[in-house]
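Survey of secondary and tertiary structure
Here is what each chain is made of, one letter per residue.
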Amino acid sequence: MTALACAAALQTSAFAQETIKIGFVHMEAGPFAGLSKFMVDAGTFGVEALNAQGGALGRKYELVMQSHAGTPAAAVAAVRRLIEQQGASFVTGLQVSSTGLAVAAKMPQLNGLLIDPSTASDALSGKNCTANYFRVSMNDTMIMNANRSIVKQSGVKAWDVLAADYAAGHDYAEKFIALIKELGGSSQATLFAPLSTTDFGSYISQLGNKPADGLLVMYPGSGAIALAKQQQQFGLFAKYKNVITAYFTNDAMIDAQGDSTLGLLTLQDYQWELPGAQNAAYVKAFEARYRRKPTFLDGNIQVSLEMLHAAILKARSTDVAAVRTALAGLKATTVAGEVELRAADHQAIRPMSLLKVVKAGDGKAMMKMQDVVPAAAVTFPPSPECKL
């Protein structure tokens, strides 16, 4: 073999061994820090599963993790380190709407792609959309479309709202109030509690003194545990004919909340009970590894990785521009069923799960799937404000 041929062979071998780095961000502080453990498990498991299948393009995937303090500035700094210092062109992991908006805005400048598994603000697929941002989680409009039938079936006309005092909370409350008015109902009290709240006594008192017939609770993070337990002491939820929740009680929170949310309804984008052989195999392997069922957070990370993997295979490249083109309009079968990343706004179109909190014995509760809401029932037209 000539020297030139040897050099070429060595170069080819080195390229084959080079990993495809996926950046992974998670929060080490703030009200959402408790969710990070689920995301880290999911990211680790998902990348190992893809590598067990052979990786992509003759290369293995490598998960590169970066934690941050939970603020928008900290999230941007973490993503910048992943891309500029650690060579990760693709990023996923825990985001909330405030950090997602900040990071998404920087992705074109950083020449990286953000595949978002956890935000809900419509702005990210609307006026703040960017070409280098893709979202696999459901957004507020999708949830409202699913809530429409829930509100109709409840028969409740007058509603109170208790939401978190941040962008997504205000957006959700505004959309829910618009929904109930569209359906001929009315809103009574609308309260916003800061995400840092630990004592919900004043909010519980205000609502409990003269409750409406129905209550919407939109409050995520560690405060949801305190709110659930404190309202139980005063029997707040029992004063309402119907309580609908968003991000308040879910399969990542339910153990800490105990039986304080029994009977409540909520929507999740992923639930381990979803049908399909691909999901069944995922749940079995995940439970064998971690001795627990995958939560909606775990499932959404898996969907993010599966969509990215499908795009890399379709593009036959890890070039950012090529993968971005492959992701736009991509349709793939995932653990959550058929998922489409709509080309017009990079929003995932996918089925959702309607869940109810039921008893699990010994003061515990669990999420039980009531129905699969098909993608067609929650799909909405792309926002004209999104200019990609």
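All figures in this text were calculated on a predicted structure; none of them were measured in a lab. All residue numbers here refer to positions counted from 1 along the written sequence of the relevant chain. Confidence filtering applies because this is a predicted model: local features only for residues at pLDDT of at least 70, side-chain atom pairs given and counted only at 80 or more, and all residues used for totals across whole chains, interfaces and linings. Heavy atoms throughout the structure, all of them, feed into the side-chain values; hydrogens and water do not.

Things to note about the environment of V378
Stated formally: We count a stretch as a helix when DSSP gives it H or I for four or more residues in a row; a strand needs E for two or more, and each element gets its number in order from the N terminus. Only protein chains enter the accessibility calculation, which uses a 1.4 Å probe; a residue whose area is less than 20% of its type maximum is buried, one above 50% is exposed, and one in between is partly exposed. Between two residues, a contact is recorded if the distance between any of their heavy atoms is within 4.5 Å.
Along the chain, V378 falls in helix 13 (residues 375-378). Judged by relative accessible area, V378 falls into the buried class, the value being 0%. Placed 117 residues apart in sequence, V378 and T261 show a C-alpha to C-alpha distance of 25 Å. With residues up to four places along the chain from it excluded, the contact list for V378 reads M142, N145, A146, R350, M352 and V373.

Observations regarding the pattern of salt bridges
Filter applied, for reference: When a carboxyl oxygen of Asp or Glu is within 4 Å of a side-chain nitrogen of Lys or Arg, the pair counts as a salt bridge.
Under the defined criterion, the tally for this structure stands at 11 salt bridges. Residue R292 is joined to D41 by a salt bridge in which the shortest nitrogen-to-oxygen separation is 3.1 Å. Here R292, found in the loop between helix 10 (277-290) and helix 11 (296-315), pairs with D41, found in helix 2 (residues 36-52); they are 251 residues apart in sequence, far enough to count as distant. The class of R292 is buried, set by a relative accessible area of 19%. Given the relative accessible area of 21%, D41 is considered partly exposed. D171 is the partner of K175 in a salt bridge, and the nearest nitrogen-oxygen pair spans 2.7 Å. One end of the pair, K175, and the other, D171, are both in helix 6 (residues 167-182), 4 residues apart, so they sit about a helical turn from each other.

Thoughts on the sheet that holds strand 3 (residues 90-93)
The criterion, for reference: Any two strands between which DSSP finds at least two bridges are classified as paired. What counts as an axis is a line fitted to C-alpha atoms, over the stretch in contact for a helix, and the angles between N-to-C directions run from 0 to 180 degrees.
As summarised here, the arrangement of the 5 strands in space is 2-1-3-4-5, forming an open sheet in which the pairing is parallel. The two strands at the open ends of the sheet, each matched to only one other strand, are strand 2 (61-68) and strand 5 (133-135). Put simply, the sheet's adjacent strands are angled 25° from each other on average, direction ignored. In this fold helix 4 (residues 97-110) packs onto strand 1 (20-27), strand 3, strand 4 (113-116) and strand 5, with an angle of close to 155° to the strand it touches most, strand 4. Contacting strand 3, strand 4 and strand 5, helix 12 (residues 320-327) crosses the sheet at an angle of about 35° to strand 4.

Things to note about helix 4
Put simply, the test is: A helix is expected to span 1.5 Å multiplied by its residue count minus one.
Taking 1.5 Å of rise per residue, the 14 residues of helix 4 would be expected to cover 20 Å, and the 20 Å separating its terminal C-alpha atoms lies within 8% of that figure. For helix 4, every residue scored as buried is listed here: S97, T99, G100, V103, A104, M107 and L110. Those residues of helix 4 that are buried lie in contact with strand 1, helix 3 (72-85), strand 3, strand 4, strand 5 and helix 6. Following helix 4 by one or two positions, N111 adopts a phi angle in the positive range, close to 55°.

Thoughts on the environment of D140
For D140, the location among the structural elements is in helix 5 (residues 140-154). Looking at D140, the relative accessible area reads 0%, which means it is buried. Counting along the chain gives 41 residues from D140 to T99, while the straight-line C-alpha distance between them is 16 Å. Those residues in contact with D140 that sit more than four places away from it in its chain are A120, S121, D122, A168, D171, Y172, K175 and Y247.

Considerations on the packing of aromatic side chains
The criterion, for reference: Ring pairs shown here join Phe, Tyr and Trp side chains whose ring centres sit within 6.5 Å, with only the six-membered ring taken for Trp; geometry is labelled stacked below 30 degrees between planes, edge-to-face above 60, and tilted in between.
What the rule picks out here adds up to 11 aromatic pairs. Each ring, one from F45 and one from Y282, has its centre 5.7 Å from the other, and the planes form 65°; the classification is edge-to-face. Of this pair, F45 sits in helix 2 while Y282 sits in helix 10; the two residues are 237 residues apart in sequence, bridging distant segments of the chain. Judged by its relative accessible area of 11%, F45 falls in the buried class. Where F45 meets F286, the ring centres are 5.3 Å apart and the plane angle is 65°; that geometry is what we call edge-to-face.

Let's talk about the pairing of strand 8 (residues 214-218)
Filter applied, for reference: Viewed with both strands pointing away, a crossover whose connecting path from the first strand over the helix to the second turns clockwise is right-handed.
Burial runs high along strand 8: 5 of the 5 residues are buried. The alternating pattern of strand 8 places G214, L216 and M218 on one face and L215 and V217 on the opposite face, and all of these are buried. Sheet topology note: the strand 8/strand 9 (residues 242-246) ladder contains 5 bridges and is parallel. Residue pairing across strands places L215 opposite V243, the latter belonging to strand 9. Running through helix 8 (residues 223-234), the crossover from strand 8 to the neighbouring parallel element strand 9 is right-handed.

Here's the deal with the state of the cysteines
The following threshold applies: Disulfides are defined as cysteine sulfur pairs within 2.5 Å.
Enumeration over the complete set of coordinates arrives at 1 disulfide. Two residues share a disulfide in this structure: C129 and C386, whose sulfurs sit 2.2 Å from each other. With the S-S dihedral at roughly 110°, the linkage between C129 and C386 falls on the right-handed side. Placement of the pair is C129 in the loop between strand 4 and strand 5 and C386 in the segment after helix 13, with a sequence separation of 257 residues. Judged by its relative accessible area of 9%, C386 is buried.

With respect to helix 2
For helix 2, spanning 17 residues, the distance from its first C-alpha to its last is 24 Å, which sits close to the expected 24 Å at 1.5 Å a residue. Residues of helix 2 that are buried include every one of S36, F38, M39, A42, G43, F45, G46, V47, L50 and N51, and no others. The inward-facing, buried residues of helix 2 contact strand 1, strand 2, strand 3, helix 10 and helix 11. Just past helix 2, the residue G54 takes up positive phi, approximately 110°.

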